[in-house]
Structure formats: structure tokens, C-alpha cells
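# Fold and geometry: a report
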Amino acid sequence: MIFSQTLDSAFFLNLIDAGELDRYEKGEAPRGICLVINNFNFLGEEQRQGAKSDEEAIACLFNDLHFIVEIRQNLGGLGILKVAQEMAARDHSKYAAFVFFIMSHGDKKDVIYGVDNRKAGMEDIMSEFTPTTCPTLENKPKLFFIQACRGQKMDSRMQRLSASTDNIAEDSIQMIHSPDADIANGLSAREADFLLAFSTAPGYKAWRSKQAGSWFIRVCINMCLSGWHLSYLLVLREYIYLIRRFVV
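Reading guide: rules and limits
Residues numbered from 1 in each chain as written. Predicted model: local features only at pLDDT ≥ 70, side-chain atom pairs only at ≥ 80, totals over all residues. Heavy atoms only, no water. Helix = DSSP H or I, 4+ residues; strand = E, 2+ residues; numbered from the N terminus. Buried < 20%, exposed > 50% of the residue type's maximum accessible area, 1.4 Å probe, protein only. Areas by Shrake-Rupley, 256 points an atom, 1.4 Å probe, with all protein chains shown as cover. Core = buried A, V, L, I, M, F, W, Y, C linked by side-chain atoms within 4.5 Å. Contact = heavy atoms within 4.5 Å. pLDDT = per-residue confidence, 0-100. Pairing = 2+ DSSP bridges. Right-handed = clockwise from strand over helix to strand, strands pointing away. Axes fitted to C-alpha atoms, helices over the stretch in contact; angles between N-to-C directions. Salt bridge = Lys/Arg side-chain N within 4 Å of Asp/Glu carboxyl O. Expected span 1.5 Å × (residues − 1). Arc of directions from axis to C-beta. Phe/Tyr/Trp six-rings, centres within 6.5 Å; stacked < 30°, edge-to-face > 60°. Lys NZ or Arg CZ within 6 Å of the ring centre and 35° of its normal.

Here the focus is the overall build of the chain. A count of helices and strands for the chain gives seven helices and 12 strands. For the chain, buried positions account for 52% of its 248 residues. If you sum the accessible surface of the chain, you get close to 11,400 Å²; carbon and sulfur atoms cover 51% of it.

Of all hydrophobic cores here, the largest spans 28 residues; its most connected members are Phe-98, Phe-100, Met-122, Ile-125, Phe-129, Phe-144 and Ile-146. Sorting the residues of this core by element identifies strand E2 (32-38), helix H4 (77-88), strand E4 (97-103), helix H5 (122-127), strand E8 (142-147) and strand E10 (194-198) as the ones contributing at least two each. The element contributing the most residues to this core is H4, with six residues. With residues up to four places along the chain from it excluded, the contact list for Phe-129 reads Ala-84, Met-87, Ala-88, Phe-98, Phe-100, Cys-134, Leu-137, Lys-142, Phe-144 and Phe-194. The next biggest cluster of nonpolar side chains, apart from the first, holds 23 residues, and it includes Leu-61, Phe-62, Ala-97 and Met-103.

For the rest of this paragraph, the subject is the environment of Thr-130. Inspection of the secondary structure puts Thr-130 in the loop between H5 and E8. The exposure class of Thr-130 is buried, given its relative accessible area of 1%. A sequence separation of 64 residues divides Thr-130 from Phe-194, and the C-alpha atoms of the two residues are 9.1 Å apart.

Another point: the confidence of the model for the chain. Of all residues in the chain, 66% have pLDDT values of 70 or greater, and the mean over the chain is 76. Across residues 1-18, confidence stays below pLDDT 50; counting only partners more than four residues off in sequence or on other chains, it has 44 contacts. Throughout residues 174-188 the model reports pLDDT below 50, and contacts reaching past four residues in sequence, or to other chains, amount to 26 contacts.

Let us look at the pairing of strand E3 (residues 67-73). As paired elements, E2 and E3 share seven bridges and run parallel to each other. Counted as the bridge partner of Gly-32 is Phe-67 from E3. Traced from E2 through helix H3 (residues 51-64) to E3, the parallel crossover comes out right-handed.

What the three strands build is an open sheet, ordered E5-E6-E7; its pairing is antiparallel. Only two strands of the sheet have a single partner each, and these edge strands are strand E5 (105-107) and strand E7 (119-121). Within the sheet, the average angular offset between the axes of one strand and its neighbour, ignoring direction, is 35 degrees. Here three bridges tie E5 to strand E6 (residues 111-113), and the two strands are oriented antiparallel to one another. By the bridge assignment for E6, His-105 is matched with Tyr-113. Along the sheet, H4 contacts E6 and E7; its crossing angle with E7, the most-contacted strand, is approximately 35 degrees.

Before going further, it helps to spend a moment on the pattern of salt bridges. Under the criterion given, the structure shown has three salt bridges. Notably, a salt bridge pairs Arg-72 with Glu-70, separated by 3.0 Å at the nearest N-O pair. For Arg-150, the salt bridge goes to Asp-110, with nearest N and O atoms at 2.7 Å. One end of the pair, Arg-150, is in the loop between E8 and strand E9 (168-170); the other, Asp-110, is in the loop between E5 and E6, with 40 residues separating them in the sequence. Across the pair, exposure class does not vary: Arg-150 and Asp-110 are buried alike.

Moving on, we come to H4. Over its 12 residues, H4 runs 17 Å from end to end, which matches the ideal 16 Å to within 8%, given 1.5 Å per residue. Those residues of H4 not exposed but buried are Gly-77, Ile-80, Leu-81, Val-83, Ala-84, Met-87 and Ala-88. An end-on view of H4 places all buried positions within 160 degrees of arc, on one side of the element. Opposite the packed face of H4, turned more than 90 degrees from it, sit the exposed residues Leu-78 and Lys-82.

Now for H3. The end-to-end C-alpha distance of H3 is 20 Å, a good match for the 20 Å that 14 residues give at a rise of 1.5 Å each. The complete set of buried residues in H3 reads Ala-51, Asp-54, Glu-55, Ile-58, Ala-59, Leu-61 and Phe-62. Residue His-66 follows H3 closely and has a positive phi angle near 65 degrees.

We now examine the packing of aromatic side chains. On inspection of all chains with the given rule, the structure shows 10 aromatic pairs. When the ring of Phe-100 is compared with that of Phe-144, the centres are 5.6 Å apart and the planes differ by 45 degrees; the resulting orientation is tilted. Of this pair, Phe-100 sits in strand E4 while Phe-144 sits in strand E8, and the two are 44 residues apart along the sequence. One aromatic cluster is present, built from ring pairs that chain together Phe-98, Phe-100, Phe-129, Phe-144 and Phe-194. If you follow Arg-150 out to its NZ or CZ, it ends over the ring of Phe-198, 3.5 Å from the centre.

This is how it looks when you write it as C-alpha cells:
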């Protein structure tokens, strides 16, 4: 099964049969690899201030959760895909899960920009981790967290975050526009055991504090801190609640 923050959360909040989610094992240390791609120095763009805070918080948490944390910084579009391919080619047999954070600029059609402003599509990235290309992660949870814009629309409720927006930045590249698309339309059973969580709804900008990092990453961190000892179903329910309350 695949979960996206943009799907109907009521379905998950009212889910009764937890059998499919509870069948996952947390495993022994190390539990898996946590891969972090953090792009913050873009050609001709302002630096993504606050991104380092997100990176440090993720690394600290997943080290404590007994994951092997690997960080890649300032990759081009092709570099993002290459890192995904290299990670998928590894032997994950002894691990119980895989976690992938991508923090960068983005736009419509769920594209992620490299620091060279070349695109990497989320569907292409995810396809590297299907059973066909990454058999050692079959039947294991693969969690993707994406901090990036998905368009140019701005939520009017943004003003409630601060009396001043001087300390708030967006994760989009203004000069590039792509046609609307919904990644869920292309998904199939090959994407079983994926959780795909975006920082914003399709077509909208994603935001971060220049000092403290993004609200989305903060919610992800709090979710894992409070719920790692719980079943995957309860962690998912807590995640959806926090996203709806603090991010969406």
C-alpha cells in the first residue's frame, strides 16, 4: 500500500483493520538506512536558510533510532537520481526499513530541482525502490519525506505563522512552471509498502523558517520521537493528525 499526505486522511483515521500495517517488524540495530538529500546552495538562487537545522535534527533522531544516516548535500538533478539508484542497488537484506528525506526546491508535477536547476521526478526516484529494482526491500516499509514546493499557489493562512514573514522562505524556483499532475495517477501495486509524504498539497508552495527549519520536518521529527514504540498504524494516524494541525 502507498500513503500520501495529500490523500483522504479520514480513510486512515477511521481504519479498523491494522493487520497490514502491524505486520512490519522494526528489526534489530541497525534498523535500516536513512538517506538525506539536502540541497541548499542553488545556482543563482538565495541559499535555503534553515535547511542545515532540518538536516541536523533528522540525523540526530535517526541515529538515536539506530539507523545508518547518510547525508548528501547540494546534488544536481542527475545526481539525485544517481544517489537513488546507488542506494537501491545495495543489499538491504539485514535491514527492516528504509527512510529517504529530500529537502530542496520543487514545482508542479512533483519534480525536485537539483542545485543546477535540472529536474528529478519523484516517480522516477520512487521507481528505483520497487521490488523489481530493489528486491531486498520488498515487503519492507519505505518512507519518503519531501520538503519542497509543488507549485506557486500560496495558502492565505500563511499569515498566521508570524506577524512578519521576513524569517519565512519558500522552497520553489520562481522561473520554472510545469503542467499540473498527480503522482498518484501513475502508481500501481509495484509501489506497495511505500509511504510518500509531501510538505504541501499539489500546486502549493512549501515553507520553512530561515532559523529553525521547516514546519513539515519538525512534525516528522516529533511524530517519530513520540510514536516509534507504537505500531505503524498508530504512528501513521499521529502523523496525519499533526500534519493537518500544524502544516496543512
